[in-house]
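Next come the chains, spelled out residue by residue.
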Amino acid sequence: MVGAVSQYLGAAVAATLFDELAPSGVALLRVLGAGAMIVLLRRSWRRRWELAVLGRAAAFGVSLAAMNLCFYLAMDKLPLGNAVAIEFTGPVVVAAVGARTLRSAGALILAIAGVLVLAGVEAEGTARGVTFALLAGAFWAGYILLGHRVARSPASVDGLGLGMLAGAVAIGPFGISAVGDALDAPLVIALGVATGLLSNVIPYRIDQAVMRRVDPPRFALLQALLPVTATVVGLAALAQVPSGQELLGIGLVILAIAGSRPGATSA
């Protein structure tokens, strides 16, 4: 719950920056700032790094950064709660595949239905926003699967920081020009980096602690509060009042998350 609130407060801050800085620039500042904070605080360069550990951390970081980039591009076209609900197809698939039951198949159907309902809410910008949200969901699935390997490795938090720096390099070509244009606005740069603290350092550090204790399907299930949290934060911080149709779509996704629960999986 703490991670969810922090993550979407950071997203609300990011949304206020989109008029001053392109979403790709905000995403780059978020990932780069968060990675630098962790590496500097942990002095990660002192650790002895094996090539395999570096490779896993880099793959994890690229997936994380791509997820952040696609999510911001989706959020630029869709309300916060809608974007998160559609993005949740990634964790739902991870949880459902881990269960491999008729119940999990039903959960996928509910998730798809929720996405279709949300996709029909707005005419302008919806197709692009939904596409980016679905891409963010795919990268979120990768974040869950790769994140467990990093969280349970000796590198752990150091791998998170180094991975985010690798991710920043990967998405750099998409956001570097926007960041360069904003260098004369230090407050914008500072708020962009602050999104890294709120949306990456705090929630992803919490994720690392949880991932060491539960398996990927269970972790995906534990994220069920995120669409609700995103909707509440969008209402409180961005005045994004959800319609009945939007609430229906988000509700279907939440039911899908609950329905994807792997009944025989031990925590």
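Every chain begins its residue count from 1, and numbering advances along the sequence as written. Where local features are concerned, this predicted model is filtered to residues with pLDDT of at least 70; where side-chain atom pairs are given and counted, the filter is 80 or more; whole-chain, interface and lining totals use all residues. Only hydrogens and water are set aside; all other atoms, that is, all heavy atoms of the structure, feed into the side-chain values.

**Student:** I'd like a rundown of the overall build of the chain, residues and numbers included.
**Tutor:** Secondary structure elements are taken from DSSP: a helix is a run of H or I of four residues or more, a strand is a run of E of two residues or more, and numbering for both begins at the N terminus. Each helix and strand in the chain was counted, giving 12 helices and 0 strands. Of all 267 residues assigned to the chain, the portion counted as buried reaches 54%. Look at the contacts in the chain between residues 6 or more apart in sequence, and 89% of them connect residues 24 or more apart. Summed over all atoms, the accessible surface of the chain reaches about 11600 Å², with 68% contributed by carbon and sulfur. Note on exposure labels: buried denotes an accessible area under 20% of the residue type's maximum, exposed denotes more than 50%, and partly exposed covers the range between, all computed with a 1.4 Å probe on protein chains only. The contact definition used throughout considers only heavy atoms, calling two residues in contact when any of these lie within 4.5 Å. Residue exposure ignores everything except the shown protein chains as possible cover, and the areas themselves are Shrake-Rupley values with a 1.4 Å probe.

**Student:** A description of the packing of helix α3 (residues 51–75) against helix α9 (residues 186–211) should follow, citing residues and the corresponding values.
**Tutor:** Axis definition: a line fitted to C-alpha atoms, over the contacting stretch in the case of helices. Angles run 0 to 180 degrees between N-to-C directions. Two numbers describe how α3 lies on α9: the axes approach to 13 Å, and their chain directions differ by 135°. By the angle class used here, α3 and α9 are oblique. At the point where α3 passes α9, the crossing takes the right-handed sense. Contact with α3, carried on its side by Phe-60, Leu-64, Met-67, Asn-68 and Tyr-72, involves Thr-195, Ser-199, Asn-200, Tyr-204 and Gln-208 of α9 and no other residues of that element. Orientation labels follow simple angle bins: below 35 degrees gives roughly parallel, above 145 gives roughly antiparallel, 65 to 115 gives roughly perpendicular, and whatever is left gives oblique. In this scheme the crossing of two helices becomes right-handed for a clockwise turn of the near helix relative to the far one and left-handed for an anticlockwise turn of less than a right angle.

**Student:** An account of helix α1 (residues 2–17) is requested, with residue identities and associated values reported.
**Tutor:** For α1, spanning 16 residues, the distance from its first C-alpha to its last is 23 Å, which sits close to the expected 22 Å at 1.5 Å a residue. Turning to α1, its buried residues are Gly-3, Ala-4, Ser-6, Gln-7, Tyr-8, Gly-10, Ala-11, Ala-12, Ala-14 and Leu-17. What a helix should span is 1.5 Å times the count of its residues minus one.

**Student:** Which residues make up the side chain of Asp-158, and what values do they have?
**Tutor:** Topologically, Asp-158 is positioned in helix α8 (residues 157–181). If we ignore the near neighbours within four places in the chain, the residues touching Asp-158 are Arg-42, Ser-44, Arg-47 and Trp-49.

**Student:** Kindly report on a nonpolar patch on the surface, identifying the contributing residues and their values.
**Tutor:** Like-charged residues are merged into a patch within 9 Å and nonpolar side chains (Val, Leu, Ile, Met, Phe, Trp, Tyr) within 5 Å, provided each residue has over 30% relative accessible area and no salt bridge. A side-chain nitrogen of Lys or Arg and a carboxyl oxygen of Asp or Glu constitute a salt bridge if their distance falls within 4 Å. Judged by side-chain polarity, Val-2, Leu-197, Ile-202 and Ile-206 come together as a nonpolar surface patch covering roughly 310 Å² of accessible area. Per-element tally for the nonpolar patch: the top contributor is α9, with 3 residues. As for its position among the elements, Leu-197 is in helix α9. Judged by relative accessible area, which is 38%, Leu-197 ranks as partly exposed.

**Student:** An account of the pattern of salt bridges is needed here, citing residue identities and associated values.
**Tutor:** In this structure the tally under the stated criterion is 2 salt bridges. The shortest N-O distance in the salt bridge between Arg-42 and Asp-158 comes to 3.2 Å. In this pair, Arg-42 is assigned in helix α2 (residues 23–42) and Asp-158 in helix α8, connecting sequence segments 116 residues apart. For Arg-42, a relative accessible area of 42% translates into the label partly exposed. Between Asp-158 and Arg-47 there is a salt bridge, with the nearest N and O atoms lying 3.0 Å from each other. Residue Asp-158 is located in helix α8, and its partner Arg-47 is located in the loop between α2 and α3; the two are separated by 111 residues in the primary sequence. With relative accessibility at 4%, the residue Asp-158 sits in the buried group. Salt bridges sharing partners connect three or more residues here, namely Arg-42, Arg-47 and Asp-158.

**Student:** Could you give me a rundown of the packing of aromatic side chains, with the residues and numbers involved?
**Tutor:** What describes a pair of aromatic rings is the distance from one ring centre to the other and the angle between the planes of the rings. Any two rings among Phe, Tyr and Trp, with Trp reduced to its six-membered ring, count as a pair given centres within 6.5 Å; such a pair is stacked if its planes are under 30 degrees apart, edge-to-face if over 60, and tilted if neither. Counted by the stated rule, this structure contains 5 aromatic pairs. Measuring from centroid to centroid gives 5.3 Å for Phe-60 and Tyr-143, while their planes differ by 25°, and the two rings are stacked. You can see Phe-60 sitting in helix α3 and its partner Tyr-143 sitting in helix α7 (residues 126–151), a full 83 residues away along the chain. Ring plane angle 40° and centroid distance 6.2 Å describe the contact between Phe-71 and Tyr-72, whose orientation is recorded as tilted. Tyr-72 shares its class with Phe-71; the two are buried. Taken together through their ring pairs, the aromatic side chains of Tyr-8, Phe-18, Phe-71 and Tyr-72 make up a single cluster.

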